[in-house]
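# Coordinate inspection notes
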Amino acid sequence: MKPEDIRWLDEEDSEQPVEEPEQTTEAEPETPPAPKKPKKNRSFSWIFVVIALLIGVFFLFITGGFKKLFGGDRTQTLRPMSDPILYNTDSVTRVRPFGDLALHMSANGLRAYNTNGTLAWDLPFTMSYPSLVTSDRCAIVADLGGTQILLIDDTGLLNTITTEASILYCTVNHNGYTAAILDSGDSHTLVVFDQFGRTLVRRITYADQDGVPMAIAINDDASCMATAYMIYTEAELRSAVTLFNLTDSGSDSIDRIAGNYTYTNTLISDLYYMGDELIAIGDNRIIGIRSTGNTAEDWNQEISYEITALGFGSDFIALLQGEGLVGVAGASEHDMLVIGVDGKRRLELNMEDSRGLWVQGDVIVYQDGFDYIALDRAGKRIWSYNAENAMQLYPIGEKAALGNTGGSMQFYMTVSGGE
């Protein structure tokens, strides 16, 4: 049965109209029913709609439209949190972030400021050449050429240490253990103090036998110590890196040599522990040495350009490269390198203008002209800031920063780029 037949049958079943008398006029010919339109194939229409939606989603994804549409992360920049904090630049001056505080050190004392610009505490002292070293939870001020070390936490002074000889070099770990190199005239003394100023390790070396000490480092729990010595003869220059295991036997401290590594024609000037890995920074190479168990050199990476800036994260080193070393012609292929604790390069960047580098925690800030860009440890951009004047810009976590222009310092916080 055809569809036309069904329609006509329906008409026959319906109520019959009353027949009208025949008209004498000629009846118009009956108009045949219009042919029924074929149904459209809707499956093809849905395919086109789905494809269009996918294209739109992809476009929003690559342009960041989702973030703007749904209020997600936008381009972050910096905004001042308070008025600038002014200071005198007549003497030695250092500005550093310390937790949520800003430290300003001069020859007359150390001041700590809150993020709103108010003074948290003031520690007066008199030193000829004070040196400020900060870690996550502790900091020290050491009088280079003098005999005083001040151990500090975020509440102020923890302890004062007086050394037996003049201080050449001093550092502190996260838990407040302090290591120093002392000049005793015809010898050098390496000494490690705990948080209470008690001597844990004391070792005497001689320049004609051991060389000149350049750096000292201790790990977080003070179970390992490392030293770098420069040994110079008429024939060659070399550096000796020595690792020690530190144990506590009653009241006497014992140190045991765990490993010794020599590098010819290299000057090692920085040592830094990243967990169980000791990082040694030389003028022409960077080295990773496993410091626990059977110590071993894990990697050794030569560099051909001067290191102009250097910063340590929890598991990486960031550095800026300058002019080529002796025998190296042309500019470096990359201006900034980020090298992981395993020796592998995580990031390589080029810059166009004057440059700077600051690392705090796991955040890297680099300067390219008047632009300052913050990256996380994976190289992802966190925020960027265009400054009116060049400055030092230290990150404080991912949400804040401390700027220093040499006469004033200022706290900044991150905001969306449009704010």
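Anything mentioned here points back to the structure above.
Below or above, wherever it landed, is the structure these notes cover. All values reported here derive from a predicted model rather than from experimental measurement.

With 5 bridges connecting them, strand E3 (residues 94–98) and strand E4 (residues 101–106) associate as antiparallel partners. Residue Arg96 lies in a different strand from E4, and its bridge partner there is Leu103. The antiparallel hairpin formed by E3 and E4 contains 2 residues in its connecting segment, where Gly99 sits at a positive phi of about 65°.

With that out of the way, let us pick up the sheet that holds strand E29 (residues 371–375). The 4 strands lie next to each other as E27-E28-E29-E30, forming an open sheet whose pairing is antiparallel. Single-partner strands in this sheet number two, and they are strand E27 (355–360) and strand E30 (381–386). In this sheet, neighbouring strand axes are inclined to one another by 15° on average, regardless of whether the strands run parallel or antiparallel. Both E27 and strand E28 (residues 363–368) contribute to a ladder of 6 bridges, which runs antiparallel. Bridge pairing in E28 links Arg355 to Asp368.

What follows is about the packing of aromatic side chains. Considering all chains together, one arrives at 4 aromatic pairs under this definition. Geometrically, the ring pair formed by Trp358 and Tyr372 is tilted, given 6.2 Å between the ring centres and 35° between the ring planes. One end of the pair, Trp358, is in strand E27; the other, Tyr372, is in strand E29, with 14 residues separating them in the sequence. The exposure classification of Trp358 matches that of Tyr372, with both residues buried. With a centroid separation of 6.5 Å and 70° between ring planes, the pair formed by Trp358 and Tyr394 is classed as edge-to-face. Of this pair, Trp358 sits in strand E27 while Tyr394 sits in strand E31 (residues 392–396); the two residues are 36 residues apart in sequence, bridging distant segments of the chain. Side by side, Trp358 and Tyr394 carry an identical accessibility label, which is buried. Here the aromatic residues Trp358, Tyr372 and Tyr394 are joined through ring pairs into a cluster of three or more.

Core analysis: the largest hydrophobic core is formed by 16 residues, its most contacted members being Val241, Leu243, Ile268, Leu271, Leu278 and Ile289. Going through the elements one at a time, strand E15 (212–218), strand E16 (224–232), strand E17 (237–249), strand E18 (252–264), strand E19 (268–274), strand E20 (277–282) and strand E21 (285–290) are the ones with two or more residues in this core. Setting aside residues up to four positions removed in sequence, Ile289 forms contacts with Val241, Leu243, Tyr261, Tyr263, Asp276, Glu277, Leu278, Ala296, Glu297 and Asp298.

Before going further, it helps to examine the layout of surface pockets. Considering only enclosed or pocket space, the largest pocket measures out at about 1,500 Å³ in volume. Taken together, 42 residues line the largest pocket, and the ones lying closest to its centre are Val133, Thr134, Thr171, Tyr272 and Phe312. Contributions of two or more residues to the lining of the largest pocket are made by E3, strand E7 (130–134), strand E11 (166–172), E15, E19, strand E23 (305–312) and E27. For the lining of the largest pocket, the class distribution of residues is 23 nonpolar, 13 polar and 6 charged.

What follows covers the sheet that holds strand E5 (residues 109–113). Taken in spatial order, the 4 strands of this open sheet run E3-E4-E5-E6, and their pairing is antiparallel. Every interior strand has two partners, whereas the edge strands, E3 and strand E6 (119–124), have only one. Taken pair by pair, the neighbouring strands of this sheet meet at an average axis angle of 15°, ignoring direction.

Here we come to the pattern of salt bridges. Per the stated rule, a full pass over the model turns up 11 salt bridges. Where Glu164 meets Arg202, a salt bridge forms, and the shortest distance between an N and an O atom there is 2.8 Å. Linking Glu164 in the loop between strand E10 (156–162) and E11 with Arg202 in strand E14 (residues 199–205), this pair joins segments that are 38 residues apart in sequence. Here Glu164 falls in the exposed class, since its relative accessible area comes to 51%. Here Arg355 ties to Asp335 by a salt bridge, and the two come within 3.3 Å at their closest N and O atoms. Of this pair, Arg355 sits in strand E27 while Asp335 sits in the loop between strand E24 (316–324) and strand E25 (336–340), placing them 20 residues apart in sequence. Taking relative accessible area as the criterion, Arg355 reaches 32% and is therefore assigned partly exposed. By relative accessible area, which is 13% here, Asp335 ends up buried. Look at the salt bridges and you will find they share partners, linking Asp315, Arg346, Asp362 and Arg377 into a network.

Procedures and definitions
Residues numbered from 1 in each chain as written. Predicted model: local features only at pLDDT ≥ 70, side-chain atom pairs only at ≥ 80, totals over all residues. Heavy atoms only, no water. Pairing = 2+ DSSP bridges. Helix = DSSP H or I, 4+ residues; strand = E, 2+ residues; numbered from the N terminus. Axes fitted to C-alpha atoms, helices over the stretch in contact; angles between N-to-C directions. Phe/Tyr/Trp six-rings, centres within 6.5 Å; stacked < 30°, edge-to-face > 60°. Buried < 20%, exposed > 50% of the residue type's maximum accessible area, 1.4 Å probe, protein only. Core = buried A, V, L, I, M, F, W, Y, C linked by side-chain atoms within 4.5 Å. Contact = heavy atoms within 4.5 Å. 1 Å grid on protein atoms, 1.4 Å probe; cavity = no way out; pocket = protein on both sides within 12 Å on 5 of 7 lines; lining within 4 Å. Points joined across faces, edges and corners; volume = space filled by probe spheres on them. Nonpolar A, V, L, I, M, F, W, Y, C, P; charged D, E, K, R; others polar. Salt bridge = Lys/Arg side-chain N within 4 Å of Asp/Glu carboxyl O.

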